[in-house]
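Coordinate analysis (summary)
Listed here are the chains, written in short residue letters.
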Amino acid sequence: MSSTQTTASTCCYCGVGCGVLIEHDGERILGVRGDPEHPANLGRLCSKGANLHLSGDLAARARYPELRLGKQLARSRSDWDSALDHAAAVFAESIREHGPDSVAFYVSGQLLSEDYYAFNKLARALIGSNNIDSNSRLCMSSAVVGYKRSLGADAPPCSYEDLELSDCVMIAGSNMAYAHPVLFRRLEAAKAQRPEMKVIVIDPRRTDTCELADLHLAIQPGTDVALFHGILHLLLWEGWVDRAFIEAHTQGFDELKALVRDYGPLAVAEICGIRVEDLQRCAEWIGRAPSFLSLWCMGLNQSTAGSAKNSALINLHLATGQIGRPGAGPFSLTGQPNAMGGRETGSLANLLPGHREAANPEHRAEVARYWGVDDLPATPGLTAVELFDAVRAGRIKALWIACTNPAQSLPNQQQVRQALEACPFVVVQEAFASSETCRYADLLLPASSWGEKEGTVTNSERRISHVRRAIAAPGEARADWAIACDFGRRLERRLRPGQPSLFAFDQPQAVFDEYRQLTRGRDLDISGIDYALLDRDGPQQWPRPAGAQRGTPRLYSDGRFATASGRAQFIAETYRAPQERREARYPLILNTGRLRDQWHGMTRTGTLAQAFGHVEEARLGLHPADMRRRHLNDGQLVRLASRRGSLVLPVQSDDNLLPGQAFLPMHWGERFLKGLGVNALTLPTVDPLSRQPELKHAAVEVSAVELPWQFFALVEDQVQARFAALRPLFEALDYASFSLVGRERPALQIRAAHASPPDPAWLQRIDAVLELNDGPVLAYDDPRRAQGKRVRLEEGRILGLRLAGTDIAYDWLKALWLSGESDADLRRKLLAPAGAQSSTTTDKTLCSCMNVSLSRIRGAIAKGLDLDGLKRELGCGTQCGSCVPEIKRLLASESGAIAVNA
Ligand SMILES: Nc1nc2c(c(=O)[nH]1)N[C@H]1C(S)=C(S)[C@@H](COP(=O)(O)OP(=O)(O)OC[C@H]3O[C@@H](n4cnc5c(=O)[nH]c(N)nc54)[C@H](O)[C@@H]3O)O[C@H]1N2
Ligand SMILES: Nc1nc2c(c(=O)[nH]1)N[C@H]1C(S)=C(S)[C@@H](COP(=O)(O)OP(=O)(O)OC[C@H]3O[C@@H](n4cnc5c(=O)[nH]c(N)nc54)[C@H](O)[C@@H]3O)O[C@H]1N2
Ligand code: SF4
Ligand SMILES: [Mo]
């Protein structure tokens, strides 16, 4: 028997990069705690991080290599040698026949830097192609362009402590309360200490982040450039710019000044749909603040004007000299845990390691010399959306996908699926066999995942952490860098036999040591950082060149920028409206984004019932006025359609949205909701410079659908296996939605509907998987009307149930299941043809850590409890704090209701 050990590592979710202490017995992970010594979180974790050890059901993991030798065939288990030899043969053949650009790699900001570096060297040095791009193209590439154009290098100049030091914080296009919760907690604490700190939120939606805002500008989507120019116009008018700073440290101001002359307050307020006074207040707070910090994320980046939005925001910092000082600067929040590492190791089509450019012949020569190859490819590589276009057009014959799920996350899924189907050879290197993309894999390679692999990541504040391994990976899963290198060695035997290997790495540390020397003398110089230093002194902020005594918390403090002239560059670009306008057929704008407790395509969080407690299923949010106009009720099924595709799902009124806007979480893919997921609707149009697609702005329409035949099911036990078996059967229906419910005894829940009753044989197949065909099952069937109810009981407790037809008592039965008790009347009520009264109250878990529901909190508020009282009595909000903004909002609205009634 082994005792409990603790391994310090990092959280595998967002770019905050929190340190976690993994508790394990050497074989299984038993718990996680926030690492009090990690400078990013100082012991805190959010609801996702705190549940890490419970998520990622092993039953959903990829365990063995699987290969198929024809598109019509099923994959079967293979072994690493045959799998990688086969892949090397196919890649070599394609390269010989069609040239190096006939193959491509699509990788991920969730890889570690060592993984990234290995893939990059494989594509560029060995194969000789720049066809390697990353899902960071959908995420941070507009920020990359923004920083490089304005400041000369792709480097967020700030530190997390600037959140605590700032006098005025502007949060633009970021819902950090959900997406970067631990940083939001730090900001909350700072504002509680210094209430005079101003917080401005710029977001078309009223999000939980607005709970901290002194001013929320609910701008019309896509109008940020006009807003930022309008703010600069006012700063100039009022004399709130820093002329000395502009004079000494910048260039290009005159052109920008001439441009923003046209962005007067009236015109800008009109474009953005805000009040002139609010615009003026915003400019005044920025202009008068001793220190001004801005935080931003996907609301700026995921846009056809993503680069322009970034530049216009950075302009404000340059014009006010608010950069390079404590509490000041333009600070992009990175989405994925190692989005930064991907940029540093040069793993985007246009980059090379060490913040070099693939298009720069000197940079290519430097890296080629270091790698010991003749040269690096000059042909530009394909960026994510273009890459899948090329695959669809047949120009890419072999595609290697690692640690990303493009069949869920890329826009315009119809075309992405065509590409994946058309591609002669698709390799998917995945931790979870459940991802939508795995279906398209000719070769599935099992990857080790969080807690099972070693390497480094860089968080949003340029801080490199040592990611440590606690336990072994399941089955034959291997670390990503090791898979890339093993494949590389097999491929080089075919492409350059007899030459010394480019991939002679035995440990991730060896990869890191080779990589870090390539940063010597560059802006991100990390030649002074190695694993031993990280283990001795903890996580480090770059640059930290060899010989330096410490890392660098803040860049550009001396007013010297990374441009050729040393001056920062103002960028003057006019406001352009988003690509898709509202029109008669598509009069609504669809916005997509994050939920508090889910992560992307849900391969990990989607195995944990707790993660569904806050939001149980895919629902489309619509402003109450738009609901009324269409005569829609909460929970009603609608068809949501764009020019590219459609989905059927329930609608829900949401007065946090502006009229004319719809919101759908980005998480729902094909597995959890019938259809091609949220990105069936989005458009593939990209920003001209960053090539980042417009994921937050698609023109759509919503209309009611009549699907009278309804279906509900709930089943405990072997949830992943049942999910996998059941999911394909629901392709037959018009609507189907899957989630996990419960806590101690998680169950798979299915809600579905169809225009007419399906074939009885279909129902039988479903019942077989649900184990409702025999054994201790209560059954009431009316085959003529395709109605029926079945409940499996064991010792009076419900283990599974299925209801089909029209008269549904689902909520009642679900509540009974949740309670774990039996109802003496169950048999009578269930078998009565009309069924029991269905309760229509919807509840959700607001506090995931302490399992406190919305209804309990409402009840306690009605009894007069305030936030402290709620924390004391119910325990909600006392652990990770992620639910506190929502509780505050509830307090404000419920006590408002009491006041009105009184
Ligand atoms: N819980 C959770 N956290 C995550 C993730 C997750 O999946 N789940 N993913 C991580 C990743 S990879 C990323 S990139 C980040 C994303 O983090 P965020 O960017 O903060 O999250 P989103 O919800 O995608 O979008 C943020 C906001 O942009 C707003 N927005 C939409 N259009 C516009 C616009 O035109 N202008 C402005 N100003 N705002 C607009 C949306 O209403 C939304 O509230 O989250 C990271 N953290
Ligand atoms: N409509 C819409 N679409 C969006 C967005 C949006 O806001 N709206 N946001 C975009 C953004 S910002 C992002 S970052 C993308 C994210 O999109 P994806 O990258 O597709 O998201 P994930 O689901 O995180 O995919 C990561 C995959 O890697 C697997 N995995 C986990 N750990 C490991 C590992 O260690 N090794 C390997 N090999 N695999 C592993 C997971 O199981 C998962 O399938 O989505 C983008 N798409
Ligand atoms: S804020 Fe939450 S999701 Fe992000 S790194 Fe920290 S614990 Fe993980
Ligand atoms: Mo992202």
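Residues numbered from 1 in each chain as written. Chains lettered and ligands numbered in written order. Predicted model: local features only at pLDDT ≥ 70, side-chain atom pairs only at ≥ 80, totals over all residues. Heavy atoms only, no water.

1. Things to note about the site of ligand 1
- Close contacts around ligand 1 come from 32 residues, with Asn175, Asp203, Gly222, Asp224 and Gln598 the closest.
- Between ligand 1 and the protein, one listed contact pairs an oxygen atom with a backbone N or O atom of asparagine 175 at 2.8 Å.
- Taken by itself ligand 1 offers 920 Å² of open surface, and the protein chains cover 99% of this.
- For the shell around ligand 1, the class distribution of residues is eleven nonpolar, 13 polar and eight charged.
- Both domain 3 (141–332) and domain 4 (595–704) contribute no fewer than three residues apiece to the shell around ligand 1. (Near = heavy atom within 4 Å. Polar contact = N/O pair within 3.5 Å; in protein donor to acceptor, adjacent residues only side chain to side chain. Areas by Shrake-Rupley, 256 points an atom, 1.4 Å probe, with all protein chains shown as cover. Nonpolar A, V, L, I, M, F, W, Y, C, P; charged D, E, K, R; others polar. Domains from an automatic or database assignment.)

2. Quick look at the UniProt feature "domain: 4Fe-4S Mo/W bis-MGD-type" (unreviewed entry) in the protein chain
- The sites that carry the UniProt feature "domain: 4Fe-4S Mo/W bis-MGD-type" (unreviewed entry) are, in the present numbering, residues 4–60.
- Within residues 4–60, the helical portion is 7% and the strand portion 32%, while the C-alpha atoms at the span's ends are 25 Å from each other. (UniProt positions renumbered as here; feature names shortened; annotations may be inferred. Helix = DSSP H or I, 4+ residues; strand = E, 2+ residues; numbered from the N terminus.)

3. Comments concerning the pairing of strand β20 (residues 463–467)
- By the criterion of burial, β20 is predominantly enclosed, with five of the five residues buried.
- Residues Arg463, Ser465 and Val467 point to one face of β20 and Ile464 and His466 to the other, with burial holding for every one of them.
- Pairing analysis gives four bridges linking strand β19 (residues 455–458) to β20, with the strands arranged antiparallel. Bridge pairing in β20 places threonine 456 opposite histidine 466. (Buried < 20%, exposed > 50% of the residue type's maximum accessible area, 1.4 Å probe, protein only. Pairing = 2+ DSSP bridges.)

4. Re the pattern of salt bridges
- Here the structure, examined in full by the defined rule, presents 60 salt bridges.
- Salt-bridge contacts for arginine 343 lead to aspartate 154; the nearest nitrogen and oxygen are separated by 2.7 Å. With arginine 343 in helix α15 (residues 339–344) and aspartate 154 in the loop between α4 (141–151) and α5 (161–165), this pair connects stretches of sequence that are 189 residues apart. Exposure class is identical for arginine 343 and aspartate 154. Each is buried.
- The salt bridge partner of arginine 478 is aspartate 486, with a shortest N-O separation of 2.9 Å.
- On the basis of relative accessibility, which here comes to 9%, the residue aspartate 486 falls in the buried class.
- Within the structure, one salt-bridge network assembled from shared partners comprises Asp81, Asp85, Arg478, Asp486 and Arg490. (Salt bridge = Lys/Arg side-chain N within 4 Å of Asp/Glu carboxyl O.)

5. Some thoughts on the packing of aromatic side chains
- Counting across every chain of the model gives 29 aromatic pairs.
- Considering the side-chain rings of phenylalanine 245 and phenylalanine 561, the 6.5 Å spacing of their centres and the 85° angle between planes classify their relative orientation as edge-to-face. With phenylalanine 245 in helix α9 (residues 243–249) and phenylalanine 561 in the loop between β21 (540–541) and β22 (568–569), this residue pair connects regions lying 316 residues apart in the sequence.
- Relative to tyrosine 810, the ring of phenylalanine 712 lies with its centre 4.7 Å away and its plane at 20°, an arrangement referred to as stacked. Of this pair, phenylalanine 712 sits in strand β29 (residues 709–716) while tyrosine 810 is found in helix α26 (residues 810–819), placing the two residues 98 residues apart along the sequence. For the residue pair phenylalanine 712 and tyrosine 810, the accessibility class agrees, reading buried in each case. (Phe/Tyr/Trp six-rings, centres within 6.5 Å; stacked < 30°, edge-to-face > 60°.)

6. Digging into the sheet that holds strand β26 (residues 646–653)
- The six strands are arranged β23-β27-β24-β26-β25-β28 in a closed barrel whose pairing can be described as mixed. Ignoring which end each strand starts from, the neighbouring axes of this sheet average 45° apart.
- Inspection of the sheet shows strand β24 (residues 620–622) paired to strand β27 (residues 661–665) by two bridges, in the antiparallel sense. If you follow glycine 621 over to β27, its bridge partner there is phenylalanine 663. (Axes fitted to C-alpha atoms, helices over the stretch in contact; angles between N-to-C directions.)

7. Some words on helix α2 (residues 80–98)
- Relative to the 27 Å expected for 19 residues at 1.5 Å per residue, α2 spans 26 Å between its end C-alpha atoms, a close match to the ideal helical length.
- The complete set of buried residues in α2 reads Trp80, Ala83, Leu84, Ala87, Ala88, Phe91, Ala92, Ser94 and Ile95. The buried residues of α2 occupy an angular sector of 160° when the element is viewed end-on, so they sit on one face. More than 90 degrees from the buried face of α2, the exposed residues found are Arg96 and Glu97.
- Where α2 is buried, its residues contact β6 (103–107), α3 (113–127), β16 (398–402), β17 (425–430), β18 (443–446) and α20 (480–495).
- Where α2 begins, the capping side chain belongs to aspartate 79, and its oxygen is found 3.1 Å from the backbone nitrogen of aspartate 81.
- Just beyond α2, the residue with positive phi is glycine 99, at close to 90°. (Expected span 1.5 Å × (residues − 1). Arc of directions from axis to C-beta. Contact = heavy atoms within 4.5 Å.)

8. Focus: the environment of arginine 792
- By the secondary structure assignment, arginine 792 is in strand β33 (residues 787–794).
- Overall, the relative accessible area of 9% leaves arginine 792 in the buried class.
- It is 52 Å that separates the C-alpha atoms of arginine 792 and valine 103, two residues lying 689 residues apart in sequence.
- Filtering out sequence-adjacent residues up to four positions away, arginine 792 remains in contact with Arg722, Leu770, Glu771, Leu772, Pro776, Val777, Arg797, Ile798, Leu799 and Gly800.
- Polar contacts involving the side chain of arginine 792 include one to the main-chain carbonyl oxygen of glutamate 771, which spans 3.0 Å.

9. What about the domain arrangement of the protein chain?
- For the protein chain, the domain assignment lists domain 1 (5–55), domain 2 (66–139 + 339–541), domain 3 (141–332), domain 4 (595–704), domain 5 (709–831) and domain 6 (845–901).
- A separation of 37 Å is found between the C-alpha centroids of domain 1 and domain 5.

10. As for unusual backbone geometry
- Cis geometry is adopted by the peptide bond preceding proline 543, which originates at tryptophan 542 and carries an omega value of -5°.
- Within the secondary structure layout, proline 543 lies in the loop between β21 and β22.
- Phi at histidine 355 takes a positive value of approximately 55°, unusual for a residue other than glycine.
- The topology assignment puts histidine 355 in the loop between β14 (351–352) and β15 (356–357).
- One non-glycine residue with positive phi stands out, namely glutamate 795, at about 50°.
- Positionally, glutamate 795 belongs in the loop between β33 and β34 (797–805).

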